Amino acid sequence: MAKTKTSLTAVERRAEELDTIAAVLPIERRDELAELLTDQDVETLRHLVDQGMGDNTLRALPSDLAYLEAWGLAATGKSLPWPPPEALLLKFVAHHLWDPQRRETDPDHGMRADVDENLRSQGFLKSVGPHAPATVRRRLANWSTLIKWRGLDGAFASPALKSAIRLAIRAAPRQRLRKSAKAVTGDVLAKLLATCTTDSLRDLRDRAILMVAFASGGRRRSEVAGLRVEQLSPEAPIEMPDRAPLPSLAIHLGRTKTSSGEEDDVVYLTGRPVEALNAWMVAAKIESGSVFRAIGRWGTVSRRALDPQSVNAILKQRAAMAGLDSGEFSAHGLRSGYLTEAANLGIPLPEAMEQSRHRSVQQASSYYNNATRRSGRAARML
């Protein structure tokens, strides 16, 4: 007999609330979040969803909030205070931005060993060494956002905190790495697709993910993972001379990283990517909701969307299967690869940007120009 709402435990109630939020916002590790987060945490997340905050920001909030709560418990033995005192914010910086050389002579420098082991055992901590400054700043920014949405003030703008971050970054410099060491250009994509040739659900799904992500302008992994059937609309076939018409499909992106909620960014798929997408949806019997979903051990298609990290894992797995170094590729390589391939094919940058939906010419041209410069006249003067 199903439990009534009044007989649900606090954890079960939070899990149920997170499920309703996940209909809008894909949430990883729901059960662990329900254990870690408080009722007020879940209510804050629901409020942010209702207020229409950007999708990418919303996706980071549950993960960052769970990490902060787990770190707070491990570092202080109790849940986070709201708002946090300045001393706790400084402790957070000290635990995540530290000097590896000083750590060799001072074992108390940086994150304590017991805190490290606690977070690592729960799967919250995977990297070795200090965190990337961008990650620390993002978590502090999300922490501050959550504080403000609770109607509270914090010490996030304090001179002491700003100085601590600045000094810590200087002491623990990290080389800025590209999101993907290599672009997934047309030739690389062909090798990845060559590993998806069967009619198995996994091959059909991965083939559709790779083709849709690339052909739609190099979509971000969060956009691919969050794609829903309701965003797709069939278009009239494209007439071709001396061959059958090509199927066409519009993807309504809605709010993206570079657009507002009022805009309806649209990109188009034509030909093979449409066929690959349709083949997956028919085989998986997907008629509504999330387009790309997890597949269980026995071939069961989940009702939940893939999480963005799974898109990255799929690309790396396919790279390894194709005999490539998976460490050199990531999902972002599809985005840079699309613009690089556009340059290789002589497609004008403005036309390529219409599909990639880059707002910044400087950002888009950083991928595009690397390809054109290498083969251009300026590089062949002698």
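Residues numbered from 1 in each chain as written. Predicted model: local features only at pLDDT ≥ 70, side-chain atom pairs only at ≥ 80, totals over all residues. Heavy atoms only, no water.

*Asks:* Whenever I open this one, the sheet that holds strand β3 (residues 265-270) confuses me. Can you help?
*Replies:* Sheet strands line up and pair through hydrogen bonds in the backbone, either parallel or antiparallel. Taken together, the three strands give an open sheet; going across it, the order is β1-β2-β3, and neighbouring strands pair in antiparallel fashion. Lying at the two open borders of the sheet, with one neighbouring strand each, are β1 (232-240) and β3. Sheet twist, expressed as the mean angle between neighbouring strand axes with direction ignored, is 25°. Along the sheet, helix α13 (residues 272-283) contacts β1, β2 (243-254) and β3; its crossing angle with β3, the most-contacted strand, is approximately 90°. (Pairing = 2+ DSSP bridges. Helix = DSSP H or I, 4+ residues; strand = E, 2+ residues; numbered from the N terminus. Axes fitted to C-alpha atoms, helices over the stretch in contact; angles between N-to-C directions. Contact = heavy atoms within 4.5 Å.)

*Asks:* Quick question: what am I supposed to make of the nonpolar core here?
*Replies:* A general trend in soluble globular proteins is that nonpolar side chains are found buried together. Counting 46 residues, the largest nonpolar core has L277, W280, V291 and F292 as the members making the most contacts within it. Among the elements of the structure, α10 (186-193), α11 (201-215), α12 (221-225), β2, β3, α13, α14 (308-321) and α15 (332-344) are those that each provide at least two residues to this core. Counting residues per element, this core draws most heavily on α11, which supplies eight residues. If we ignore the near neighbours within four places in the chain, the residues touching W280 are L201, L204, R205, A208, I286, V291, F292, R293, I295 and V301. (Core = buried A, V, L, I, M, F, W, Y, C linked by side-chain atoms within 4.5 Å. Buried < 20%, exposed > 50% of the residue type's maximum accessible area, 1.4 Å probe, protein only.)

*Asks:* What exactly am I supposed to notice about the pattern of salt bridges here?
*Replies:* Opposite charge on two side chains permits pairing when their charged atoms draw close. Summed over all chains, the structure comprises 13 salt bridges. With its nearest N and O atoms 2.8 Å apart, the salt bridge here joins R219 to E223. Neither R219 nor E223 differs from the other in exposure class; each is buried. Its salt-bridge partner being E223, residue R220 comes within 3.1 Å of it at the nearest N-O pair. Since its relative accessible area comes to 14%, E223 is described here as buried. When salt bridges that share partners are traced, they join D203, R205, D206 and R318 into one network. (Salt bridge = Lys/Arg side-chain N within 4 Å of Asp/Glu carboxyl O.)

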